[in-house]
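Secondary and tertiary structure notes
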Amino acid sequence: MSHIAESAYIGENVTLGQNVKIGPGAVILGPATIGDDVFIGAGAQIGAPAEISSLPQNAAWAGETGGAGVVIAAGAVVRELAVIHQGSHRPTYVGKDAWILNRAYLAHDVQIGDGTTVSAGVSIGGHCEIGERVNIGMNAVVHQRRVIGGGAMVGMGTPVTADVPPFAKVFGTPPRIKGINTVGLERAGFAPELSETLALAYQNQTPLTAAELQQKLESLQELVDWWAERASDKVMQVG
């Protein structure tokens, strides 16, 4: 059974799953799809048009639905005052069981992987792709079009100006790779020995797809493939 506060606004072309909870003052503008068991906190704003000057700023609350919309997958949590804009060429996406904490901002076309946590006050620029089980600390800022690999951890207040490889720990100003998220690695069910392999690869700037790493990283193949398909040449340095 869903619980939707009387003062919440649900616009046209919004599809709600089962057992959805939407708090007072929340706004959801279409097109949007909200999965089963999603929690949306008071004052959250979902589905405003993309902040791109060449696109119309449509009044979805008046029936002017347009854009690529927003998809929030089953079990996700979107807390108070979070802002999620609709996509321009693909739906802005929040993965299954992801947590978007209070005052976080997801710009147009952002993709958030399953089980990822975007902490309070984080801002993520347009077109960014965030892998599964990533943890982004409070008030971090992710530059547009950046890629963060699965299992990575970003420290509080970090300006992410380059792509972050899988299971890397990044913090500081300027931001640098400061080690491997060994706890996240083990919680995801991978052997702790992989931590040393990844650390050496990042230290030596060896691509994760290199032939000499294929056997050592076989259990991470899915994460490596995801990263290789998306990462740019601008990868975070070790420091």
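Structural data are supplied above this passage.
Another aspect to go through is the overall build of the protein chain. Along the protein chain, the regular secondary structure elements total three helices and 25 strands. On C-alpha atoms alone, the protein chain measures out to a radius of gyration of 18 Å, which is about the 18 Å that the 2.2 N^0.38 rule sets for 239 residues. The principal-axis extent of the C-alpha atoms belonging to the protein chain is close to 55 × 40 × 30 Å. Taken over 239 residues, the protein chain has a buried fraction of 48%. Here the analysis covers contacts within the protein chain between residues at least 6 apart in sequence; of these, 26% occur between residues at least 24 apart. Just so you have it, the protein chain exposes about 11,100 Å², and 50% of that area is on carbon and sulfur atoms. A gap of 8 Å separates the mean positions of the 15 positive and 22 negative side-chain charges of the protein chain.

Looking at helix 2 (residues 194-203), one finds that the buried residues are Leu194, Ser195, Thr197, Leu198, Ala201 and Tyr202. For helix 2, the angular spread of the buried residues around the axis is 165 degrees, confining them to a single face. Exposed and oriented more than 90 degrees from the buried face of helix 2 are Glu196 and Gln203. The positive-phi residue at the C-terminal boundary of helix 2 is glutamine 205, with phi of around 55 degrees.

The subject of this paragraph is the pairing of strand 25 (residues 176-180). The sheet contact formed by strand 24 (residues 168-171) and strand 25 spans three bridges and is antiparallel. Within strand 25, the position partnered with alanine 168 by the bridge is isoleucine 180. Hairpin remark: strand 24 followed by strand 25, antiparallel, with four residues in the connecting loop; positive phi at glycine 172, about 100 degrees.

Here we come to the packing of aromatic side chains. Applying the stated criterion across every chain, the model contains one aromatic pair. When the centroid spacing of 6.0 Å and the interplanar angle of 80 degrees are considered together, the rings of phenylalanine 167 and phenylalanine 190 count as edge-to-face. Residue phenylalanine 167 is located in the loop between strand 23 (159-160) and strand 24, and its partner phenylalanine 190 is located in the loop between helix 1 (182-187) and helix 2; the two are separated by 23 residues in the primary sequence.

Turning to the pattern of salt bridges, a few remarks are in order. Inspection of the entire model under this criterion finds five salt bridges. A salt bridge links glutamate 129 to arginine 230; the shortest N-O distance between them is 2.8 Å. Remark: arginine 230 occurs in helix 3 (residues 221-230) and glutamate 129 occurs in strand 18 (residues 129-130); sequence separation between them is 101 residues. Between arginine 146 and aspartate 163 there is a salt bridge, with the nearest N and O atoms lying 2.8 Å from each other. One end of the pair, arginine 146, is in the loop between strand 20 (141-142) and strand 21 (147-148); the other, aspartate 163, is in the loop between strand 23 and strand 24, and 17 residues separate them in sequence. For the pair shown, arginine 146 and aspartate 163 are each scored as buried.

We now examine the sheet that holds strand 6 (residues 32-34). Here seven strands make up an open sheet; going across it, the order is 3-6-9-12-15-18-21 and the pairing parallel. The open sheet terminates on both sides in strands that have one partner only, identified here as strand 3 (14-16) and strand 21. The pairing of strand 3 with strand 6 spans three bridges and is parallel. When the sheet's bridge partners are listed, leucine 16 is paired in strand 6 with isoleucine 34.

Attention now goes to the sheet that holds strand 25. Within a sheet, neighbouring strands are paired by backbone hydrogen bonds and run either parallel or antiparallel to one another. Across the sheet, which stays open at both edges, the 10 strands sit in the order 1-4-7-10-13-16-19-22-24-25 with mixed pairing between neighbours. Edge positions in the open sheet fall to strand 1 (3-4) and strand 25, since each of these has one partner strand only. Bridge count for strand 19 (residues 135-136) against strand 22 (residues 153-154) is two bridges, and the pairing is parallel. Across the sheet, residue asparagine 135 finds its bridge partner in strand 22, namely methionine 153. Seen against the sheet, helix 2 touches strand 24 and strand 25 and runs at an angle of roughly 160 degrees to strand 25.

A separate point is the nonpolar core. Residues Ile40, Ile72, Ile124, Ile136 and Ile148 are the most contacted members of the largest nonpolar core, which totals 59 residues. Within the residue set of this core, elements represented by two or more residues are strand 6, strand 9 (70-72), strand 21, strand 24, strand 25, helix 2 and helix 3. At four residues, helix 2 tops the list of elements feeding residues into this core. Every residue in contact with isoleucine 136, bar those within four places of it in the chain, is listed here: Thr117, Val118, Ser119, Val122, Ile124, Ile130, Val142, Ile148 and Val154.

Definitions and cut-offs
Residues numbered from 1 in each chain as written. Predicted model: local features only at pLDDT ≥ 70, side-chain atom pairs only at ≥ 80, totals over all residues. Heavy atoms only, no water. Helix = DSSP H or I, 4+ residues; strand = E, 2+ residues; numbered from the N terminus. Rg over C-alpha atoms; globule rule 2.2 N^0.38 Å. Buried < 20%, exposed > 50% of the residue type's maximum accessible area, 1.4 Å probe, protein only. Contact = heavy atoms within 4.5 Å. Areas by Shrake-Rupley, 256 points an atom, 1.4 Å probe, with all protein chains shown as cover. Lys, Arg positive; Asp, Glu negative; His and termini not counted. Charge placed at Lys NZ, Arg CZ, Asp CG, Glu CD. Arc of directions from axis to C-beta. Pairing = 2+ DSSP bridges. Phe/Tyr/Trp six-rings, centres within 6.5 Å; stacked < 30°, edge-to-face > 60°. Salt bridge = Lys/Arg side-chain N within 4 Å of Asp/Glu carboxyl O. Axes fitted to C-alpha atoms, helices over the stretch in contact; angles between N-to-C directions. Core = buried A, V, L, I, M, F, W, Y, C linked by side-chain atoms within 4.5 Å.

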